[in-house]
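# Structural overview for review
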Amino acid sequence: MPSDRLETAPALPPLAPQARISRPLSTPEYYHACVGTSRWTLEGPRDVIFVLTCEGRLEPEHWREALQRVAELNPGTRLRLVGKRRKARWESDGLPPRMRVIENCEWDTRSGRGGEFITAEPLCLEHGPTVELLLANCSDGRSLVILRSLHAILDGGGVLHLLQELFRVLRGEALLGTNAAFSDVDLMLSTGARHSTSSHFRTTWLTGQTSGAEMGDDWRRISLGPPRKNLLARVAVAMAEFAHQRSELPALIAVPVDLRRHAPGLLSTTNFSNMLFVRLNKGDGVEQFRARLQDMLAQRMEAVYPRILDIVKWLPLKWFDLLVSRTRWNYRKRKPMETAVISNLGRCDPAAYSYPGFSLQSMFVYPLGGSAFSTLVSVNDQVEMALNLPRVLSGEGRFDAFVDHLRQRLAEGE
């Protein structure tokens, strides 16, 4: 990339401890904030939910104190939305995170069924709270630690930072806090990246054409066994192969990328992620996917930000929601923006999410609704995948058929 582009890129403020965040919403944050705001759409608020499992009972007092200390040093946990449209901004003077304790929990964590208690209490961007911690003591002796927020507030990397801070307090270690108050778009623009081949094109749904009239989504937690080499690529190729059983159109696999890699040492709970879209033609395999994704990363395509996108902040959130979300009139006719999304958090060190009396067994992440959205997390040499499918894509045995196909394709490479 020519050096003059790097020289003209706006510089970021130096990383330093931050006690306050006060800045405009970025356009990606505005997008996440809009989902679920209109009563005419079928989407709920775009929640980010991480679930940690362990054996034994959790004592709320220790966690309540830890949450308070973490919130004091991480202003992103206290954000509230102020102003509208182009004047929308974050102020970190909102309510601190809320904590709830659930006793005699019967949820088996294998699907969304039985987990409705997680979203029973609303979060609110304008009035707060926007982050909450749930402790669920299960009737079978298990316990769950559930961190929930709104995607406009936290992304996956932000949740992991917040969880690690909680466990630092519980282990008696010093907190790291937050050292950046700038936005994801500020970071993207600072890289000077301008060229990208990552884009939408005509593609197909993961499981073929929509069928039936049932609204809503279903998701399942799927254990994939031990980590495998090139797991992301192998899952992507399996998804493309399944889609190509019903369509000749190229598959489009969306992969969220953590922008923090462009600012080493950055510590923040706020959103720093952007999508790359990888094309897979019929017959393409692991090497083609890896090569295309690596080329995009090498050229920093996830950091390309066209300023024209800021025009959407002229729209009220509810109008924006109508443009991007499912409604009762279009949910069966919507064209796919991508074949599938794979959000890969990689391997998580259990020691970072444990303390005396709490040994992490597994972790999984709720997939977002509205599309074929999946999340991958590896803990204790076991990979957990959570996959969402809209009900118009999951019926007629297609959910089961895809899971069988995925496991078969992964087993063939062992």
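Refer to the structure presented above.
None of the values given here were measured: they were computed from a predicted structure. (Residues numbered from 1 in each chain as written. Predicted model: local features only at pLDDT ≥ 70, side-chain atom pairs only at ≥ 80, totals over all residues. Heavy atoms only, no water.)

## What to know about a positive patch on the surface
For clarity, the threshold we go by: Every patch collects residues that have over 30% relative accessible area and no salt bridge, joining them within 9 Å if they carry like charges and within 5 Å if they are nonpolar side chains (Val, Leu, Ile, Met, Phe, Trp, Tyr). Surface exposure here means Shrake-Rupley accessible area, sampled with a 1.4 Å probe, where a residue is shielded only by the protein chains that are shown. A pairing counts as a salt bridge when a side-chain nitrogen of Lys or Arg comes within 4 Å of a carboxyl oxygen of Asp or Glu. Only four residue types enter the tally: Lys and Arg on the positive side, Asp and Glu on the negative side, with His and both chain ends excluded. Where a charge sits is defined by one atom per residue type, namely NZ (Lys), CZ (Arg), CG (Asp) or CD (Glu). Starting at the N terminus, helices and strands are each numbered in turn, a helix being any DSSP run of H or I of at least four residues and a strand any DSSP run of E of at least two.
The grouping of R39, K84, R85, R86, K87 and K318 at the surface amounts to a positive patch. With respect to the helices, strands and loops of the structure, R85 is situated in the loop between β3 (80–82) and β4 (89–91).

## A short note on the pattern of salt bridges
If you walk through the whole model with that rule in mind, you get 26 salt bridges. One salt bridge connects R20 with E91, and the closest N-O pair in it is separated by 3.4 Å. With R20 in the loop between α1 (3–8) and β1 (22–24) and E91 in strand β4, this residue pair connects regions lying 71 residues apart in the sequence. Connected via shared salt-bridge partners are D47, R98, R100, E132 and R148.

## What to know about helix α3 (residues 60–73)
Applicable threshold: Here a helix's expected span is defined as the number of its residues, less one, multiplied by 1.5 Å. Burial classes follow relative accessibility: with a 1.4 Å probe on protein chains only, a residue under 20% of its type's maximum area counts as buried, one over 50% as exposed, and anything between as partly exposed. Arc definition: directions from the helix axis to the C-beta atoms. Note on definitions: a residue-residue contact is assigned when non-hydrogen atoms from the two residues lie within 4.5 Å.
For α3, spanning 14 residues, the distance from its first C-alpha to its last is 21 Å, which sits close to the expected 20 Å at 1.5 Å a residue. Those residues of α3 that sit buried are P60, W63, A66, L67, V70 and A71. Across the axial projection of α3, the buried residues extend over an arc of 130 degrees, all falling on one side. Counted as exposed and oriented over 90 degrees from the buried face of α3: E61, Q68 and E72. Contact partners of the buried residues in α3: β5 (98–105), β6 (131–138), β7 (142–150) and α4 (156–171).

## Comments concerning the environment of A240
Along the chain, A240 falls in helix α6 (residues 231–244). In this structure, the C-alpha to C-alpha distance between A240 and I118, residues 122 residues apart in sequence, is 32 Å. Setting aside its immediate chain neighbours within four residues, A240 contacts A251 and L280.

## Things to note about unusual backbone geometry
With omega at -10 degrees, the peptide bond leading from G128 into P129 counts as cis. Relative to the elements of secondary structure, P129 occurs in the loop between β5 and β6. A positive phi angle is found at R85, which is not glycine, with a value near 50 degrees. Given a relative accessible area of 44%, R85 falls into the partly exposed group. In the Ramachandran plot, T109 falls in the positive-phi region, its phi being about 65 degrees despite a non-glycine side chain. Within the secondary structure, T109 is located in the loop between β5 and β6. A relative accessible area of 2% places T109 in the buried class.

## Details of the nonpolar core
Stated formally: Only buried residues count toward a nonpolar core. Its members are Ala, Val, Leu, Ile, Met, Phe, Trp, Tyr and Cys residues joined through side-chain atoms within 4.5 Å.
Membership of the largest hydrophobic core comes to 54 residues, with the highest contact counts inside it found for F50, W63, W90, L133, Y353, F358 and M363. In terms of residue count, α4 provides more of this core than any other element does, eight residues in total. Discounting chain neighbours no more than four positions away, the residues touching F50 are V145, I146, L147, G156, V159, L160, L163, L345, M363, F364 and V365. Counting 38 residues, the second-largest nonpolar core is a separate cluster that includes A236, M239, A340 and F402.

## Some remarks on the layout of surface pockets
What counts is decided by this rule: Any residue with an atom within 4 Å of a point lines the site, the site being either a cavity, points on a 1 Å grid over the protein atoms alone where a 1.4 Å probe fits but cannot get out, or a pocket, an open set with protein on both sides within 12 Å along at least 5 of 7 lines. Grid points are joined across faces, edges and corners, and a volume is the space filled by probe spheres set on the points. Gly is put with the polar residues, along with every residue not named as nonpolar or charged; the nonpolar set is Ala, Val, Leu, Ile, Met, Phe, Trp, Tyr, Cys and Pro, and the charged set is Asp, Glu, Lys and Arg.
By volume, the second largest pocket is sized at about 1,300 Å³. Around the second largest pocket sit 47 residues that line it, and E43, G44, P45, R46 and D47 are the ones nearest its centre. Here the lining of the second largest pocket takes four residues from strand β8 (residues 217–225), the largest share from any one element. Along the lines of polarity and charge, the residues of the lining of the second largest pocket split into 20 nonpolar, 12 polar and 15 charged.

## Looking at empty space enclosed by the protein
Enumeration according to the criterion identifies one cavity of 30 Å³ or more in this entry. In this structure, the largest cavity occupies an estimated 50 Å³ of space. For the lining of the largest cavity, the residue count by class is five nonpolar, two polar and two charged.

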